[in-house]
Amino acid sequence: MMTTTDNHEASQTREQIKKERKKAPQQEQAREPKKRIRVRLIPIWLRIIIVVVLIALSLMLGVFVGYGMIGGGNPADAFDKSTWTHILDFLKKE
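This one's a predicted model, so the numbers in the text were calculated from it and none came from an experiment.

Undergrad: Give me the overall build of the chain: which residues, what numbers.
TA: Along its length, the chain carries 3 helices and 0 strands. The helix and strand sequence of the chain, counted from the amino end, reads α-α-α. Expressed as a percentage of the 94 residues in the chain, the buried residues total 4%. Summed over all atoms, the accessible surface of the chain reaches about 9,300 Å², with 62% contributed by carbon and sulfur.

Undergrad: Outline a nonpolar patch on the surface, supporting the account with residue identities and numerical values.
TA: A cluster of nonpolar residues, L41, I42, W45, L46, I49, I50, V53, L54, L57, M60 and F79, forms a patch on the protein surface that exposes about 1,100 Å² of accessible area. Position of F79 relative to the elements: it lies in the loop between helix 2 (44–70) and helix 3 (81–91). Assessed through its relative accessible area of 45%, F79 is described here as partly exposed.

Undergrad: Lay out a positive patch on the surface in plain terms, naming residues and giving numbers.
TA: Positive charge collects at one region of the surface, where R14, K18, K19, R21, K22 and K23 lie side by side. Following the sequence through the fold, R21 ends up in helix 1 (residues 4–31). Here R21 falls in the exposed class, since its relative accessible area comes to 62%.

Undergrad: I'd like to hear about the packing of aromatic side chains, residue by residue, with values.
TA: A full pass over the atoms with the stated rule returns 1 aromatic pair. Aromatic pair F64 and F79: ring centres 6.5 Å apart, planes at 10°, arrangement stacked. With F64 in helix 2 and F79 in the loop between helix 2 and helix 3, this pair connects stretches of sequence that are 15 residues apart.

Undergrad: Tell me about helix 2, and please be specific about residues and values.
TA: Compared with an ideal rise of 1.5 Å per residue, which puts 27 residues at 39 Å, helix 2 spans 37 Å between its outermost C-alpha atoms and is within 8% of the ideal. Phi for G72, located one or two positions after helix 2, is positive at around 85°.

Undergrad: How would you summarise the confidence of the model for the chain if you had to cite specific residues and measurements?
TA: Looking at the chain as a whole, the pLDDT averages 80, with 76% of positions reaching at least 70. The least confident element of the chain, judged by mean pLDDT, is helix 1 at 65; the most confident is helix 2 at 93.

The rules behind these values
- Residues numbered from 1 in each chain as written.
- Predicted model: local features only at pLDDT ≥ 70, side-chain atom pairs only at ≥ 80, totals over all residues.
- Heavy atoms only, no water.
- Helix = DSSP H or I, 4+ residues; strand = E, 2+ residues; numbered from the N terminus.
- Buried < 20%, exposed > 50% of the residue type's maximum accessible area, 1.4 Å probe, protein only.
- Areas by Shrake-Rupley, 256 points an atom, 1.4 Å probe, with all protein chains shown as cover.
- Patch = residues over 30% accessible without salt bridge, like charges linked within 9 Å, V, L, I, M, F, W, Y side chains within 5 Å.
- Salt bridge = Lys/Arg side-chain N within 4 Å of Asp/Glu carboxyl O.
- Lys, Arg positive; Asp, Glu negative; His and termini not counted.
- Charge placed at Lys NZ, Arg CZ, Asp CG, Glu CD.
- Phe/Tyr/Trp six-rings, centres within 6.5 Å; stacked < 30°, edge-to-face > 60°.
- Expected span 1.5 Å × (residues − 1).
- pLDDT = per-residue confidence, 0-100.

Written out as structure tokens, the structure is:
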């Protein structure tokens, strides 16, 4: 069983620990240099352009594979205007 003096010593120790914890972050902040500014290797505007180009390339590749290889047509015909007007005529059929 704890006596009154043991309890008082334990509470003092807890208070001291709390004080030390409060002091520690302030001391660490004083020692740390200011945060560095991050310099991006690839700027955001360039990332957006890269993503748009990759989407366009994947769309073209999908048309090429879908029409030419899976559809059984000539892959070079996938990009002809007549092919797309023919496809749109099927979609707009009344």
